[in-house]
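Notes for the structure review
Listed below are the residues making up each chain.
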Amino acid sequence: MAELIDGKRVAEDVVRRVKALTAELLERGTQKPGLAVVIVGEDPASQVYVASKSRTAKECGFHSVQHTLPAEISEQELLDIIGELNADPAINGILVQLPLPGHVDAGKVIQTIAPQKDVDGFHFINVGKLGTGELETAFVPCTPAGSMLLIERVRGKDLSGLNAVVVGRSNIVGKPMANLLLAANCTVTIAHSRTKDLAALARTADILVAAVGRPEMVRGDWVKSGATVIDVGINRIAAPEKGEGKTRLVGDVAYAEAAKTAGAITPVPGGVGPMTIAMLMANTLASAYLAAGLKRPS
Ligand code: NDP
């Protein structure tokens, strides 16, 4: 059976280290890292995520502010708030919770965030830095950055020459994940909805990352013996076995089947999910170190 990659434990390690490095920053007489989270409207899932981000920021010892804005806010008003946060020296990281209401151009909002405060890593400057391997100063999107850390926990830092297959090509997961693996000298293939014979392709992977959004699409016989399987998917499905109307979370990988062949695998929940918030904290800390003229913690 595969080794279970415990994302919750790794995320706790990351948060503990961020907390310690924040304390070191304060000892040098530098201000607390500041994280501003902006949420528009009342989407319940977004509110849960935002509350959790603000809570973890406080746990890390950050200065944490939350802007909860009405769904009817105009695009210009939102851009003005981003402008104020860009200019505020107490703020090192700005996160705008997506999705935004339809009348607001999310792309425009994201590109208004100052690149050095773009801790989600969605600004073109950061996308370009990741694409060109400028990892010293890039902010990398949190979910792929966290997935990479989990891969390194089981494989070590030297991934040179390994075959990696990333299923999914979104800007927030698939593409940055592929770029990170490429920067780590893997031979990377990106698969998507038009890929032919995905199962055969997946079987070539030493590292298989699934970021699709389709419950248990990756079957056990898609997994090469000993492969590291990272399941980014979070899908809520009906669970009649738990009672009428009940649901449960599953990933994009059929866990029980894949775990028989894989060398190591992330569970859902408790795998990649907890890493996302932890990496947001790590990015905000890095931004604070860079703003203070210090080397970014590795
Ligand atoms: P998107 O919907 O933006 O992208 C999905 C990708 O999967 C697309 O590139 C799409 O291909 C591809 N795809 C869809 N169907 C198939 C198929 N049948 N075969 C092969 N590829 C297919 O999703 P995200 O990248 O935003 O998210 C992916 C999953 O990860 C979701 O379950 C999401 O909930 C989860 N997620 C988890 C996070 C976490 O914190 N753990 C954070 C972010 C996302 P094409 O481009 O051709 O359409």
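Residues numbered from 1 in each chain as written. Predicted model: local features only at pLDDT ≥ 70, side-chain atom pairs only at ≥ 80, totals over all residues. Heavy atoms only, no water.

Before going further, it helps to examine the site of the ligand. In the neighbourhood of the ligand, 22 residues make up the surrounding shell, with Arg-169, Ser-170, Ser-193, Arg-214 and Thr-276 lying closest. Measuring from an oxygen atom of the ligand, one finds a side-chain N or O atom of Arg-169 at 2.7 Å. Ser-170 has a polar side-chain atom sitting 2.6 Å from an oxygen atom of the ligand. Starting from 920 Å² of accessible surface for the ligand in isolation, the protein chains cover 69%. In terms of residue class, the shell around the ligand is made up of 10 nonpolar, 10 polar and 2 charged. (Near = heavy atom within 4 Å. Polar contact = N/O pair within 3.5 Å; in protein donor to acceptor, adjacent residues only side chain to side chain. Areas by Shrake-Rupley, 256 points an atom, 1.4 Å probe, with all protein chains shown as cover. Nonpolar A, V, L, I, M, F, W, Y, C, P; charged D, E, K, R; others polar.)

Moving on, we get to the sheet that holds strand β6 (residues 187-191). Spatially, 6 strands are ordered β1-β11-β8-β7-β5-β6 in an open sheet, and the strand pairing comes out parallel. This sheet does not close on itself; its edge strands, each paired only once, are β1 (3-4) and β6. Note that strand β7 (residues 207-210) and strand β8 (residues 228-231) share 4 bridges and pair parallel. By the bridge assignment, Val-209 is partnered in β8 with Ile-230. On top of the sheet, helix α6 (residues 142-155) reaches β1, β7, β8 and β11 (264-265); it is set at about 155 degrees to β8, its chief contact. Sheet contacts for helix α7 (residues 174-183): β5 (163-167), β6 and β7; angle to β5, the most-contacted strand, approximately 170 degrees. (Pairing = 2+ DSSP bridges. Helix = DSSP H or I, 4+ residues; strand = E, 2+ residues; numbered from the N terminus. Contact = heavy atoms within 4.5 Å. Axes fitted to C-alpha atoms, helices over the stretch in contact; angles between N-to-C directions.)

With their axes 9 Å apart at the nearest point, α6 and α7 run at an angle of 40 degrees to one another. Judged by the inter-axis angle, α6 sits oblique to α7. Seen along the crossing, α6 lies across α7 with a hand that is right-handed. Residues Pro-144, Ala-145, Ser-147, Met-148 and Ile-151 of α6 pack against Pro-176, Met-177, Leu-180 and Leu-181 of α7. Classifying every residue of the contact of α6 with α7 by side-chain character gives 8 nonpolar, 1 polar and no charged. (Parallel < 35°, antiparallel > 145°, perpendicular 65-115°, else oblique. Left-handed = near helix turned anticlockwise from the far one by under 90°.)

The full count for this structure, using the stated rule, is 8 salt bridges. The salt bridge involving Lys-8 is made with Glu-12; its shortest N-O contact spans 3.5 Å. Remark: Glu-12 and Lys-8 occur in helix α1 (residues 7-27); sequence separation between them is 4 residues, near one turn of the helix. Glu-12 sits in the partly exposed class, given a relative accessible area of 37%. Across the salt bridge formed by Lys-224 and Asp-206, the nearest N and O atoms sit 2.8 Å from each other. Taken as a pair, Lys-224 in the loop between β7 and β8 and Asp-206 in the loop between α8 (198-202) and β7 lie far apart in primary sequence, 18 residues in all. Because the salt bridges share partners, they merge into one network encompassing Asp-13, Arg-16 and Arg-153. (Salt bridge = Lys/Arg side-chain N within 4 Å of Asp/Glu carboxyl O. Buried < 20%, exposed > 50% of the residue type's maximum accessible area, 1.4 Å probe, protein only.)

Here the chain is described as being made up of domain 1 (29-114) and domain 2 (142-274). Measuring from the centre of the C-alpha atoms in domain 1 to the corresponding centre in domain 2 gives 29 Å. (Domains from an automatic or database assignment.)

A separate point is the environment of Ala-138. Relative to the elements of secondary structure, Ala-138 occurs in the loop between α5 (124-131) and α6. Sequence-wise, Ala-138 and Asn-126 are 12 residues apart; in three dimensions their C-alpha atoms are separated by 5.1 Å. Apart from residues lying up to four places away in sequence, Ala-138 is in contact with Asn-126, Lys-129, Leu-130 and Arg-296.

Attention shifts here to the side chain of Asp-231. Looking at the secondary structure, you find Asp-231 in strand β8. A polar side-chain atom of Asp-231 sits 3.2 Å from the main-chain amide nitrogen of Gly-233.

With that out of the way, let us pick up α6. Along its 14 residues, α6 runs 20 Å from first to last C-alpha, staying within 8% of the 20 Å computed at 1.5 Å per residue. Those residues of α6 lying buried are Cys-142, Thr-143, Pro-144, Ala-145, Gly-146, Ser-147, Met-148, Leu-150 and Ile-151. On its buried face, α6 sits against α1, α7, β7, β8 and α10 (273-291). (Expected span 1.5 Å × (residues − 1).)

Turning to unusual backbone geometry, a few remarks are in order. Cis geometry is found at the peptide bond from Leu-98 to Pro-99, where omega equals 0 degrees. Position of Pro-99 among the secondary structure elements: in the loop between β4 (93-96) and α4 (106-112). The amide bond that connects Val-268 to the next residue, Pro-269, takes the cis arrangement and shows omega of 0 degrees. Mapping Pro-269 onto the fold places it in the loop between β11 and α10. You will see that Asp-197, though not glycine, has its phi angle at about 45 degrees, which is positive. Following the sequence through the fold, Asp-197 ends up in the loop between β6 and α8.

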